[in-house]
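# Summary of the model geometry
Below are the chains, spelled out letter by letter.
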Amino acid sequence: MAGKSTEPESPKKNEKFEKFYTEVKEIEKRDSVLTSKQQIERLLRPGASYFNLNPYEVLQLDHDTPLDEAKKKYKRLSILVHPDKNQDDLERANNAFETVNRAWRTIDNDESRKKCQEIIQEAKDMTEFMVVEKRKKLKKEGKDTKVEEDDPSIMKRSIYVQTCKLFADLERKRKDHEARELQERKRKREQEIDEEQKATVSKEWQKNFDESRESRVNSWKAFQESTKKSSKKIKIFKPPKHKAESR
């Protein structure tokens, strides 16, 4: 049964994929001319903070879109959601506009763009590996090795979901790292404040000690002088000599 889903079906799969690809491009073309309100709604829909971690998702681009083409799309989209163009929905427009700008800054930066493309590629690799493992399991069980990901639309969806998960994992790690750094900075600052307070107390004590030294020395000298004078005035009592009685 395993051999039925290999080469003979390949032409049909290619034909199906071409149809699917055409449909996707039509959808992208339709979405590219969404109204301002529709774009704002898309960017702020439920779960948007999760989906918008992928800058290519925000700008509705393929990850291999040339940078100059990506910039054109960014400009068109930023104009659509610009707050000046959406005065009746200013707060949401501001949020959407910032989302678009943040996505473009990520793509425009060589390092962050490379990182995003690596994540997307990793999602594809992971999804393909998962499909291979599914086939192995089915073959081992003596079943047909056809899987739902043979449908290009399902495969694309699976890659999309995996991409979202990877971006979410990256964001979680970033926040965890940021929280740890914040906690460490707080701990160091508290330690610095504690040391500064101790140093201030020590400095104040030393200052008071130095200022009172002369007074203590003078007091001691006065005490010694008074002791000497007192010792001169004291007369030592001498008992009279005993005389023998005469008879």
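Above this text is the structure in question.
Presented here is a report on the structure given in the accompanying data block. (Residues numbered from 1 in each chain as written. Predicted model: local features only at pLDDT ≥ 70, side-chain atom pairs only at ≥ 80, totals over all residues. Heavy atoms only, no water.)

### Overview of the overall build of the chain
- In terms of helices and strands, the chain carries 8 helices and 0 strands.
- Relative to all contacts within the chain whose residues are 6 or more apart in sequence, the contacts with residues 24 or more apart total 63%.
- Of the roughly 19200 Å² that the chain leaves accessible, carbon and sulfur atoms contribute 54%. (Helix = DSSP H or I, 4+ residues; strand = E, 2+ residues; numbered from the N terminus. Contact = heavy atoms within 4.5 Å. Areas by Shrake-Rupley, 256 points an atom, 1.4 Å probe, with all protein chains shown as cover.)

### Remarks on the environment of lysine 71
- Examined against the element boundaries, lysine 71 turns out to sit in helix 5 (residues 67–81).
- Sequence separation of lysine 71 and isoleucine 107 is 36 residues, and the distance between their C-alpha atoms is 9.1 Å.

### Let's talk about the side chain of arginine 42
- Structurally, arginine 42 is set in helix 2 (residues 36–43).
- Buried arginine 42, no salt bridge; nearest opposite-charge side chain is glutamate 57, N-O distance 5.0 Å.
- Polar side-chain contacts of arginine 42 include one of 2.7 Å to the backbone oxygen of valine 58.
- Apart from the residues lying within four places of it in its own chain, the contact partners of arginine 42 are Leu34, Glu57, Val58, Gln60 and Leu77. (Buried < 20%, exposed > 50% of the residue type's maximum accessible area, 1.4 Å probe, protein only. Lys, Arg positive; Asp, Glu negative; His and termini not counted. Salt bridge = Lys/Arg side-chain N within 4 Å of Asp/Glu carboxyl O. Polar contact = N/O pair within 3.5 Å; in protein donor to acceptor, adjacent residues only side chain to side chain.)

### As for the nonpolar core
- In terms of nonpolar packing, the biggest core is built from 23 residues, with Leu59, Val81 and Val100 touching the most fellow members.
- Put simply, the parts of the chain that give this core at least two residues each are helix 2, helix 4 (55–58), helix 5, helix 6 (90–108), helix 7 (110–140) and helix 8 (152–233).
- When residues of this core are assigned to their parent elements, the largest contribution, 6 residues, is made by helix 6.
- For leucine 59, the residues in contact, after removing those within four places along its chain, are Lys73, Tyr74, Leu77, Val100, Ala103, Trp104 and Ile107.
- Judged by nonpolar contacts, the second largest core, of 5 residues, contains Val131, Leu138, Val147 and Ile159. (Core = buried A, V, L, I, M, F, W, Y, C linked by side-chain atoms within 4.5 Å.)

### Some details on the packing of helix 6 against helix 7
- Between helix 6 and helix 7, the least distance of the axes is 5 Å, while the angle of their chain directions is 95°. Our classification of the angle between helix 6 and helix 7 gives roughly perpendicular. Between helix 6 and helix 7, the contacting residues are Arg105, Thr106, Ile107 and Asp108 on the first element and Asp110, Ser112, Arg113 and Cys116 on the second. (Axes fitted to C-alpha atoms, helices over the stretch in contact; angles between N-to-C directions. Parallel < 35°, antiparallel > 145°, perpendicular 65-115°, else oblique.)

### Things to note about a negative patch on the surface
- Residues Glu118, Glu122, Asp125 and Glu128 make up a contiguous surface patch of negative charge.
- Mapping aspartate 125 onto the fold places it in helix 7. (Patch = residues over 30% accessible without salt bridge, like charges linked within 9 Å, V, L, I, M, F, W, Y side chains within 5 Å. Charge placed at Lys NZ, Arg CZ, Asp CG, Glu CD.)

### Describing the pattern of salt bridges
- Using the criterion set out here, one finds 19 salt bridges in the structure.
- When the shortest N-O distance is used, the salt bridge between arginine 102 and glutamate 98 registers 3.7 Å. In this pair, arginine 102 and glutamate 98 both sit in helix 6, 4 residues apart, roughly one turn of the helix.
- Given a relative accessible area of 42%, arginine 102 falls into the partly exposed group.
- In this structure, arginine 105 and glutamate 98 form a salt bridge, with 3.0 Å as the shortest nitrogen-oxygen distance.
- Arginine 105 sits in the partly exposed class, given a relative accessible area of 46%.
- Linked through salt bridges whose partners overlap, the residues forming this network are Glu41, Asp89 and Arg92.

### Let's talk about helix 6
- For helix 6, which comprises 19 residues, the first-to-last C-alpha distance of 26 Å matches the rise-based estimate of 27 Å (1.5 Å per residue) to within 8%.
- Taken together, the buried positions of helix 6 are Ala93, Ala96, Thr99, Val100, Asn101, Ala103, Trp104 and Ile107.
- For helix 6, the secondary structure elements touched by its buried residues are helix 2, helix 4, helix 5 and helix 7. (Expected span 1.5 Å × (residues − 1).)

### Overview of the packing of aromatic side chains
- Tallied over the full model, the rule gives 3 aromatic pairs.
- Ring geometry for tyrosine 50 against phenylalanine 51: centres 5.5 Å apart, planes inclined by 70°, an arrangement best described as edge-to-face.
- Classification of tyrosine 50 as partly exposed rests on a relative accessible area of 32%.
- Relative to tyrosine 160, the ring of phenylalanine 51 has its centre 6.3 Å away and its plane inclined at 15°; by these criteria the two rings are stacked. With a gap of 109 residues between them, phenylalanine 51 in helix 3 (residues 48–51) and tyrosine 160 in helix 8 connect regions that are remote in the sequence.
- Grouping aromatic residues by their ring pairs yields a cluster made of Tyr50, Phe51 and Tyr160. (Phe/Tyr/Trp six-rings, centres within 6.5 Å; stacked < 30°, edge-to-face > 60°.)

### Thoughts on the packing of helix 2 against helix 6
- Where helix 2 meets helix 6, the closest approach of the two axes is 9 Å, and the angle between their N-to-C directions is 70°. Overall, the two elements helix 2 and helix 6 adopt an arrangement that is roughly perpendicular. Each of Ile40, Glu41 and Leu43 in helix 2 lies in contact with helix 6, whose residues at this interface are Arg92, Ala93, Ala96, Thr99 and Val100.
- Considering only residue class, the contact of helix 2 with helix 6 consists of 5 nonpolar, 1 polar and 2 charged. (Nonpolar A, V, L, I, M, F, W, Y, C, P; charged D, E, K, R; others polar.)

This is a description of form; function is not addressed.
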